[in-house]
Amino acid sequence: MNTYSFMSEELARLEAKGNLRVLPQTVHEGRYITMDGRRMLNLSSNDYLGLAADIALRSEFLACITPETFLPSASSSRLLTGNFPVFEQLEQELARLYGTEAALTFGSGYHANSGILPAVADSHTLILADKLVHASLIDGIRLSGADCIRFKHNDMNQLERLLQQRSTTYRRTLIVTESLFSMDGDEAPLQELVELKHRYPGILLYVDEAHAFGVRGKQGLGCAEEAGCLPDIDFLVGTFGKAAASAGAFVVCNHTVRNYLVNRMRPFIFTTALPPVVAAWTLFVLCRLPDMTLRRNHLAALFATLRQALADMRQSCPSTSHIIPIIEGDSRDATRRARLLQRQGFYVLPVRPPTVPEGTSRIRISLTADMTMEEMAQLLDALSTPA
Ligand code: PMP
């Protein structure tokens, strides 16, 4: 028997269900993407504020960089020789903005979620996680060895029942959620989560703000800033690879948590630090984020227009944000719909299992602040064309 036959068989199964993934061959030109000779407006990126496509911003940054300060590699883990001052500056700026004692940065959001949870949770810990949390959080939970119960998406009654019935037998309980969910674009009820956390002893609250950081809140700090509950979140994680147009992630926390993670978090300890030039760019963007209100407001206006149009088309839409799923159900229908929109000049992609639950395949529109209202009008025309 061929050694690889288990793989070819699985690939054939995926293909038969319309779930086979292939890497798209794309060429980027700012807000546009070209594929198979077709130039399309990119509605699939996480460049929510349009900063990754902003040449003026990049030019401004490059003007401060010299061959001496362009540091393409940290050449080591931060615990060895890789702790360049820019990492500490970035962390101090994050702590200042969030009003926390400290912050710690990581190579990616995947590193953050798959590393913090195993560092702080063990077999004496109960993790209560929203059913729809991101794969990186699920992997962190699995690696932690903690007992985990997934509560129904945003179901605070079920969460409270679990806290009452189950949490007392564990040393500590962690509630894990995203603030803005990446596949449905809806939000966790942060204030209710905070109330629950305070109602029961020994509860820690972990919130992944990957899709809200930069976009939500007066200063762009995320949904917790908007909800006025920043001090109530024990582990607030954000990522730099989306609205901040960079790479990496962070947690804002107190000194004890920071020192503990530096000693116990494996994806922090056993990896080469991000290139210092990347941290320098992140810091450059971070310092400007609080003033990007116009971009945030325009993004909100684009969303309001699209949501209203979907309501007029009687298309159900769980989203309350710039991430808008249009649920098709069957993977092949989602793929067909995405292709149709691509032919009309909009680069949207189908999202299929295992990224989303079976039977909820969808196209996912990701709005960015550099989209014009004229382009929105064209998108609405395209969306009203029957698939
Ligand atoms: N958290 C959430 C909610 C995400 O959607 C993602 C990635 N899309 C991550 C974490 C991982 O972040 P990164 O891409 O920086 O690894």
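Residues numbered from 1 in each chain as written. Predicted model: local features only at pLDDT ≥ 70, side-chain atom pairs only at ≥ 80, totals over all residues. Heavy atoms only, no water.

**Structural notes on the sheet that holds strand E5 (residues 125-130)**
Spelled out, the test is: In short, DSSP must find at least two bridges between two strands for them to pair. Going along the chain from the N terminus, every DSSP run of H or I of four or more residues is numbered as a helix, and every run of E of two or more is numbered as a strand. Angles run from 0 to 180 degrees between N-to-C directions of axes, and those axes are lines fitted to C-alpha atoms, restricted for helices to the stretch in contact.
Taken together, the seven strands give an open sheet; going across it, the order is E4-E10-E9-E8-E7-E5-E6, and neighbouring strands pair in mixed fashion. The open sheet has two free edges, formed respectively by strand E4 (102-106) and strand E6 (147-151), since each of these has just one partner strand. Shown here is a sheet whose adjacent strand axes are inclined to one another by a mean of 20°, direction ignored. The pairing of E5 with E6 spans five bridges and is parallel. Looking at E6, one finds that Asp130 is bridged to Phe151.

**Digging into the site of the ligand**
Operational definition: Here a residue is near a molecule or strand as soon as one of its heavy atoms is found within 4 Å of it. Pairs of N or O atoms are called polar contacts if they sit within 3.5 Å, as long as, within protein, a hydrogen donor faces a hydrogen acceptor (for residues adjacent in sequence, only side-chain-to-side-chain pairs). Surface accessibility in these figures is a Shrake-Rupley result with a 1.4 Å probe; residues are shielded only by whichever protein chains are displayed. Note on residue categories: nonpolar means Ala, Val, Leu, Ile, Met, Phe, Trp, Tyr, Cys or Pro, charged means Asp, Glu, Lys or Arg, and polar means any other residue, Gly included.
Lining the immediate surroundings of the ligand are 13 residues, of which Gly109, Tyr110, Asp208, His211 and Lys242 lie closest. Between the ligand and Gly109, the relevant distance is 2.7 Å, taken from an oxygen atom to a main-chain nitrogen or oxygen of the residue. Contact between the ligand and Tyr110: an oxygen atom at 2.9 Å from a main-chain N or O atom of the residue. When the ligand is considered free in solution it has 390 Å² of accessible area, and contact with the protein chains removes 80% of it. For the shell around the ligand, a count of residues per class yields two nonpolar, eight polar and three charged.

**Here we look at the nonpolar core**
Side chains of nonpolar character tend, in soluble globular proteins, to be buried together. Operational definition: Residues grouped as a nonpolar core are buried Ala, Val, Leu, Ile, Met, Phe, Trp, Tyr and Cys residues, joined through side-chain atoms within 4.5 Å. Buried, partly exposed and exposed residues are distinguished by accessible area as a fraction of the type maximum, computed with a 1.4 Å probe on protein chains only: under 20%, between the cut-offs, and over 50%, respectively. Residue ranges for the domains originate in an automatic or database domain assignment. Note on contacts: a residue pair qualifies if any of its non-hydrogen atoms lie within 4.5 Å across the two residues.
Of all hydrophobic cores here, the largest spans 88 residues; its most connected members are Leu94, Tyr98, Leu159, Leu306, Ile365, Leu367 and Leu379. With seven residues, helix H11 (residues 276-288) is the largest single contributor of residues to this core. For this core, the domains that each give at least three residues are domain 1 (11-54 + 293-383) and domain 2 (85-290). Filtering out sequence-adjacent residues up to four positions away, Tyr98 remains in contact with Phe213, Leu221, Leu230, Leu236, Phe250 and Val252. The next biggest cluster of nonpolar side chains, apart from the first, holds 29 residues, and it includes Ala112, Ala129, Ile138 and Phe235.

**Here's the deal with the domain arrangement of the chain**
Our working rule: Simply put, the buried area is the total loss of 1.4 Å probe accessible area from both parts when two parts are fitted together. The term salt bridge refers to a side-chain nitrogen of Lys or Arg lying within 4 Å of a carboxyl oxygen of Asp or Glu.
Domains assigned within the chain are domain 1 (11-54 + 293-383) and domain 2 (85-290). A C-alpha centroid distance of 26 Å is found between domain 1 and domain 2. Buried surface at the junction of domain 1 and domain 2, summed over both partners, amounts to about 1600 Å²; 56% is from carbon and sulfur atoms. Along the contact surface separating domain 1 from domain 2 lie one salt bridge. There are 14 residue pairs in polar contact (both at pLDDT 80 or more) connecting domain 1 and domain 2. Where the side of domain 1 that touches domain 2 is concerned, the elements lending two or more residues are helix H12 (293-312), strand E11 (323-329) and strand E14 (361-366). Examining the composition of the side of domain 1 that touches domain 2, we find that three residues originate from one element, H12, more than from any other. Partitioned by chemical class, the residues of the side of domain 1 that touches domain 2 number 10 nonpolar, seven polar and four charged.

**A few points about helix H3 (residues 85-98)**
Put simply, the rule reads: Take the number of residues in a helix, subtract one, and multiply by 1.5 Å to get its expected span.
With 14 residues, H3 ought to run about 20 Å at 1.5 Å a step, and its terminal C-alpha atoms sit 20 Å apart, in line with that. Within H3 the residues assigned to the buried category are Val86, Phe87, Leu90, Glu91, Glu93, Leu94, Ala95, Leu97 and Tyr98. Buried residues along H3 sit in contact with E4, strand E9 (235-239), strand E10 (249-253), helix H9 (255-264) and H11. Among the residues trailing H3, Gly99 stands out with phi positive, at a value near 70°.

**A look at the side chain of Asp54**
Inspection of the secondary structure puts Asp54 in the loop between strand E3 (38-42) and helix H2 (55-63). Within the structure, the side chain of Asp54 is placed 3.0 Å from the backbone nitrogen of Ala56, a separation counted as a polar contact.

**Concerning the pairing of E10**
By the criterion of burial, E10 is predominantly enclosed, with five of the five residues buried. Pairing between E4 and E10: five bridges, direction antiparallel. Each bridged residue has a counterpart across the sheet, and for Ala102 the counterpart in E10 is Cys253. The pairing of E9 with E10 spans four bridges and is classified as antiparallel. The partner of Thr239 across the bridge, within E10, is Ala249.

**Notes on the pairing of E14**
The side chains of a regular strand alternate, residue by residue, between the two faces of the sheet. With six of six residues buried, E14 lies mostly within the body of the structure. Side chains Ser361, Ile363 and Ile365 project from E14 onto one buried face, and the interleaved Arg362, Arg364 and Ser366 project onto a second face that is buried too. In this sheet, E14 lies alongside E11 in antiparallel orientation, the contact comprising six bridges. Its bridge partner being in E14, Ile323 is matched across the sheet by Ser366. As defined by bridge partners, strand E13 (residues 349-351) adjoins E14 across three bridges and the pair is classed as antiparallel. Its bridge partner being in E14, Pro350 is matched across the sheet by Ile363.

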